[in-house]
Amino acid sequence: TGLNLNPYFDLYLRTNIIPLLEYKVQKEGEELHIFYRWSNTPANFSMPVVVQIGNEVKKRITPTNEWQKISVHSTENQHITIDTSSFLVEASETIE
C-alpha cells in the first residue's frame, strides 16, 4: 500500500497509550475552522478518524502530530463530535 504502518503498530502493540485527538474550533464569519492533531503519539503517527460537524456534515480527517485545519461553511456554531466508537481513540477540545 505504500503506507508506513510502523508508528501505528508501535503505538498499539508496544504501549498502552490510547491516541488523544486534540481539537479546537474557531468561528470566523460564515466559516467554521477546526484545528486538530494527535497529542500523545509517537512521531510520524497518522491515523484517520471521522468528525461530525453539526447534525449532517461528516468528514474523514487524517491527523498527525502537527496542527492541521479543515473549514466548513456555517452560519452558526456547530457541535463537533469525534467518532470514538469506531476507533480506539480519545478526543479533547482545547479551549483558548
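Notes on the structure follow. Remember, predicted model here, so these are calculated numbers, not experimental data.

Digging into the overall build of the protein
Each helix and strand counted, the protein has one helix and seven strands in total. Reported as C-alpha extents along the three principal axes, the dimensions of the protein are approximately 45 × 30 × 25 Å. When the 96 residues of the protein are sorted by exposure, 31% land in the buried category. Contacts spanning at least 24 positions in sequence make up 60% of the contacts within the protein whose residues lie at least 6 apart. In the form shown here, the protein has an accessible surface area of approximately 6300 Å², with 46% of it arising from carbon and sulfur atoms. Within the protein, the 12 negative side-chain charges are centred at a point lying 5 Å from the centre of the 8 positive side-chain charges.

Examining the sheet that holds strand E2 (residues 31–38)
What the four strands build is an open sheet, ordered E5-E2-E1-E7; its pairing is mixed. With one partner strand each, in any of the chains shown, strand E5 (68–73) and strand E7 (90–93) form the two edges of the open sheet. Ignoring strand direction, the axes of neighbouring strands in this sheet form an average angle of 25°. Here strand E1 (residues 20–28) runs beside E7; their pairing, made up of four bridges, is parallel. When the bridges of E7 are listed, Glu22 appears paired with Ser92.

Section: the sheet that holds strand E4 (residues 57–61)
The three strands lie next to each other as E4-E3-E6, forming an open sheet whose pairing is antiparallel. Only two strands of the sheet have a single partner each, and these edge strands are E4 and strand E6 (80–82). For this sheet the average axis-to-axis angle between neighbouring strands, irrespective of direction, equals 25°.

What counts and what doesn't
Residues numbered from 1 in each chain as written. Predicted model: local features only at pLDDT ≥ 70, side-chain atom pairs only at ≥ 80, totals over all residues. Heavy atoms only, no water. Helix = DSSP H or I, 4+ residues; strand = E, 2+ residues; numbered from the N terminus. Buried < 20%, exposed > 50% of the residue type's maximum accessible area, 1.4 Å probe, protein only. Contact = heavy atoms within 4.5 Å. Areas by Shrake-Rupley, 256 points an atom, 1.4 Å probe, with all protein chains shown as cover. Lys, Arg positive; Asp, Glu negative; His and termini not counted. Charge placed at Lys NZ, Arg CZ, Asp CG, Glu CD. Pairing = 2+ DSSP bridges. Axes fitted to C-alpha atoms, helices over the stretch in contact; angles between N-to-C directions.

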